[in-house]
Amino acid sequence: MGDDVFYITTPIYYVNDVPHIGTAYTTLAADVVARFKRQQGREVFFLTGVDEHGQKVALAAAEKNESPQAWVDSIVSHFTDTWELLNISNDDFIRTTQNRHAKVAQIFIERLKEKGDVYLGSYEGWYCVHDETFLLSSQLTEGACPECRRPVDWVKEENYFFRLSKYAEPVLKYIEDHPDFVQPESRRNEVVSFIKSGLEDQSITRTSFTWGIPCPFDARHVMYVWFDALLNYLSAVDYGTDDARFERTWPANWHLMGKEILRFHAVIWPAMLMAADLPMPEHIFAHGWLTVEGKKMSKSLGNVVRPDVIVDEYGVDAYRYYFMREFSFGVDGNFSMRTLFTRYNADLANDLGNLESRVLTMVSKYREGLVPEPGEPGDEELVLRQRAEAALAAATASIEALAFNEALAEIWEFVHAVNRYVDVSAPWALAKDEALRVDLDRVLYNSIEGLRQIALMIYPYMPSSAGKIWEHIGIEGPITSAAMPEAGSWGGLASGLKTARGDALFPRKMEAPAEAT
Ligand code: MSP
């Protein structure tokens, strides 16, 4: 169960807007994990997609004088294009307007109804259209939505309800019995207190508009957008339609999302799964929010940063590196052009780019570009090897815990170690004396082996740069065919490969961005 396929998800994004660095954050993190798992030899199913129903989308379409379907059709490519730009390796892209999804959502709601967990009632209370959330008076902040601070609407309509209250105790017990289920711990504690404060039954259909999946047992109702949206995690793996595939893939290993939508994933979703007698996902992780130059991103402030602006200037791998290195995934972080500029020049252009270029230049100059024989390792080589093994082990443990910044810090310890190794071994001095030929061979070999190890370690974060290093070293086949951990054993580099100096991986940026001056 779930052991066969490693299944990781992002939230499905509302299509009322185009992606920005905040929405791209979850997708990027999921991609890093997916690539890491594939590199480890796991079969991976990495799912992302878009959330196309709901009142917010219906209103956005009406404002543009378009049908909701035409509106979502016109927006969706902004998402697929952005994921392509960011080199996202998702295995599927689900749209909730697809038939495969509607069918499964209908099967699911029927099952809950048959079980007696769905009943007809009437809802009277507040609704935040922006967050598509039903709210109690006690949850409002100064009369507004506690999350987005926008005005809320008073809603009175006939709805079907899901008996969420019935599952409060079992969900709480599950969370308490499985400390790794909801992460990080601070968020888990919030979820626990929320459940302990009491759960009301949840409206799961709407009758005041029609843009949604029709309720199979009552044509006047469409499904509440969050109920429909959560089910994407099941519909994409053929729940109720292809049992063999579903069994191999479900449960998900990781559901990743931002902190503001954790409650849906850690309270309502587990309750829905329990009601359908389905296994729980293995882990649910809520990451922090990104601000821009200290402020929340918003259209009205005009400070929304789109990924392409950064990619155009710095390249896709610098984008990926920066967001994974600069922030701790579980807490809020602040994006600034200055920290991006600094990290780019220090970590990428200087530490890694220069290392690659000086090693390959020396191999070209002293050995006609051919990887020499390793010879017998001395103390320096043994230390270097031990550093590589330690970095790989630590980076692996960190990525498994979604501590991407720590993993990269560990990898950069090793980048520094290779730089120091080159400095202290001074191949340029050895090259002056033909009697030291074997020493020079050894130093060059180990320096290139260091680069090879770095390529393997950075692959999940910077797949195209890792691929370039791989290619420059002259290793046959793409880096994606190198299976870890075997490929990472020290000394796996073959002598005699023909290296090639390519263009600089990360050309140095001279001009600091405006705020940095
Ligand atoms: N459609 C729902 C999710 C349904 S999942 C069954 C939704 N969509 S969303 O487009 O509003 O947000 C999707 C994700 O983007 C969330 O994980 C959210 O946290 C993330 N982010 C949006 N802005 C963000 C930042 N400024 N910073 C970090 N992540 C942010 O909610």
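The structure we're discussing is the one just above.
Residues numbered from 1 in each chain as written. Predicted model: local features only at pLDDT ≥ 70, side-chain atom pairs only at ≥ 80, totals over all residues. Heavy atoms only, no water.

Chemist: Just to check I follow, could you spell out the overall build of the chain for this structure?
Modeler: For the chain, the count of helices and strands is 18 helices and 14 strands. The C-alpha radius of gyration computed for the chain amounts to 26 Å, which stays within 12% of the reference 24 Å derived for 517 residues, consistent with globular compactness. Viewed in the frame of its principal axes, the chain has a C-alpha envelope of about 90 × 50 × 40 Å. Looking at the 517 residues of the chain, the share that counts as buried comes to 57%. Taking as baseline every contact in the chain between residues at least 6 positions apart, the subset at least 24 positions apart corresponds to 78%. Counting only carbon and sulfur atoms, one obtains 50% of the accessible surface of the chain, whose full area is about 21400 Å². Measuring between centres, the 50 positive side-chain charges of the chain sit 2 Å from its 75 negative side-chain charges. (Helix = DSSP H or I, 4+ residues; strand = E, 2+ residues; numbered from the N terminus. Rg over C-alpha atoms; globule rule 2.2 N^0.38 Å. Buried < 20%, exposed > 50% of the residue type's maximum accessible area, 1.4 Å probe, protein only. Contact = heavy atoms within 4.5 Å. Areas by Shrake-Rupley, 256 points an atom, 1.4 Å probe, with all protein chains shown as cover. Lys, Arg positive; Asp, Glu negative; His and termini not counted. Charge placed at Lys NZ, Arg CZ, Asp CG, Glu CD.)

Chemist: Explain the site of the ligand here, please?
Modeler: The environment of the ligand is formed by 24 residues, the closest being Ile 12, Asp 51, Gly 258, Glu 260 and Leu 290. A distance of 2.7 Å is found between a nitrogen atom of the ligand and a side-chain nitrogen or oxygen belonging to Asp 51. One of the side-chain nitrogen or oxygen atoms of Glu 260 is found 2.9 Å away from an oxygen atom of the ligand. Alone, the ligand offers 680 Å² of accessible surface; in the complex the protein occludes 93% of this. Taken together, the elements giving at least two residues each to the shell around the ligand come down to β1 (5-14), α1 (21-39), α7 (225-230), α8 (232-235) and β11 (254-258). Split by residue class, the shell around the ligand holds 13 nonpolar, nine polar and two charged. (Near = heavy atom within 4 Å. Polar contact = N/O pair within 3.5 Å; in protein donor to acceptor, adjacent residues only side chain to side chain. Nonpolar A, V, L, I, M, F, W, Y, C, P; charged D, E, K, R; others polar.)

Chemist: I tried to follow the pairing of strand β2 (residues 43-51) on my own but got confused; where do I start?
Modeler: Along a regular strand, successive side chains alternate from one face of the sheet to the other. Extensive coverage of β2 is indicated by the burial of eight of its nine residues. With eight bridges joining them, β1 and β2 adopt parallel strand pairing. Bridge assignment links Thr 9 to a residue of β2, and that residue is Leu 47. Handedness of the β-α-β unit built from β1, α1 and β2 comes out right-handed. In terms of strand pairing, β2 meets strand β3 (residues 92-95) through four bridges, oriented parallel. Following the sheet pairing, Val 50 is matched in β3 by Arg 95. (Pairing = 2+ DSSP bridges. Right-handed = clockwise from strand over helix to strand, strands pointing away.)

Chemist: Whenever I open this one, the nonpolar core confuses me. Can you help?
Modeler: In globular proteins that are soluble, nonpolar side chains generally tend to be buried together. Counting 112 residues, the largest nonpolar core has Phe 323, Phe 404, Trp 412, Phe 414 and Tyr 461 as its most contacted members. When residues no more than four places from it in sequence are discounted, the contact partners of Trp 412 are Tyr 321, Asp 347, Leu 348, Asp 351, Leu 352, Ile 458 and Met 462. By size, the runner-up hydrophobic cluster in this structure holds 71 residues, among which are Val 5, Phe 45, Ile 213 and Leu 273. (Core = buried A, V, L, I, M, F, W, Y, C linked by side-chain atoms within 4.5 Å.)

Chemist: What's the story with the sheet that holds β1 in this structure? I'm lost.
Modeler: Pairing between the strands of a sheet comes from backbone hydrogen bonds, and it takes one of two forms, parallel or antiparallel. Strand order in the open sheet formed by six strands is β3-β2-β1-β11-β12-β7, and the pairing between neighbours is parallel. On the outer flanks of this sheet lie β3 and β7 (182-183), each paired with one strand and no other. Sheet topology places β7 next to strand β12 (residues 283-287); two bridges connect them, and they run parallel. Bridged to Val 182 within β12 is Ile 284.

Chemist: It is not clear to me how helix α12 (residues 316-326) should be interpreted in this structure. Could you clarify?
Modeler: At 3.6 residues per turn, the α-helix brings residues three or four places apart onto the same side. In terms of burial, α12 is a largely internal element, 10 of the 11 residues being buried. Of all the residues in α12, the buried ones are Val 316, Asp 317, Ala 318, Tyr 319, Arg 320, Tyr 321, Tyr 322, Phe 323, Met 324 and Arg 325.

Chemist: I'm lost on the packing of aromatic side chains in this one. Help?
Modeler: The description of an aromatic ring pair uses the distance of the two centres, along with the angle that the planes make with each other. Throughout the structure, instances matching the rule amount to 35 aromatic pairs. Centre to centre, the rings of Tyr 7 and Trp 250 are 6.1 Å apart; their planes meet at 70 degrees, and the pair counts as edge-to-face. You can see Tyr 7 sitting in strand β1 and its partner Trp 250 sitting in the loop between α9 (243-249) and β11, a full 243 residues away along the chain. Given the relative accessible area of 0%, Tyr 7 is considered buried. Ring centres of Tyr 119 and Phe 161 lie 5.6 Å apart, and the angle between their planes is 15 degrees; on these two criteria the pair is classed as stacked. You can see Tyr 119 sitting in strand β4 (residues 118-128) and its partner Phe 161 sitting in strand β6 (residues 153-162), a full 42 residues away along the chain. (Phe/Tyr/Trp six-rings, centres within 6.5 Å; stacked < 30°, edge-to-face > 60°.)

Chemist: For this particular structure, what's the right way to read the environment of Glu 52?
Modeler: Among the secondary structure elements, Glu 52 is positioned in the loop between β2 and α2 (55-63). Residue classification places Glu 52 among the buried positions, given a relative accessible area of 0%. Sequence separation between Glu 52 and Thr 96 is 44 residues, and the spatial gap between their C-alpha atoms is 5.7 Å. Aside from chain neighbours lying at most four places away, what touches Glu 52 is Val 15, Val 57, Val 72, Val 76, Arg 95, Thr 96, Thr 97 and Trp 211. In this structure the side chain of Glu 52 is engaged in a polar contact, spanning 2.9 Å, whose partner is the side chain of Arg 95. Only 2.3 Å separates the side chain of Glu 52 from the side chain of Thr 97, close enough to count as a polar contact.

Chemist: Would you explain the state of the cysteines in this entry?
Modeler: What we call a disulfide is simply a covalent bond connecting the sulfur atoms of a pair of cysteines. Scanning the entire structure with this criterion turns up zero disulfides. Note on Cys 145: no disulfide assigned, nearest cysteine sulfur contributed by Cys 128 at a separation of 3.7 Å. Taking the relative accessible area as the measure of exposure, Cys 145 reaches 2% and is therefore buried. The thiol of Cys 148 is unpaired, and the distance to the nearest cysteine sulfur, on Cys 128, comes to 3.7 Å. Using a relative accessible area of 13% as the deciding quantity, one classes Cys 148 as buried. (Disulfide = S-S within 2.5 Å.)

Chemist: Is there a simple way to think about the sheet that holds β6 in this case?
Modeler: If you trace the four strands from one edge of the open sheet to the other, you get β5-β4-β6-β8, paired in antiparallel fashion. Two strands lie at the open edges of the sheet, namely β5 (133-135) and β8 (202-203), each paired on one side alone. Note: β6 against β8, two bridges, orientation antiparallel. Bridged to Phe 161 within β8 is Ser 203. On the sheet, helix α10 (residues 262-275) packs against β5, β6 and β8 and is oriented at approximately 30 degrees with respect to β6. (Axes fitted to C-alpha atoms, helices over the stretch in contact; angles between N-to-C directions.)

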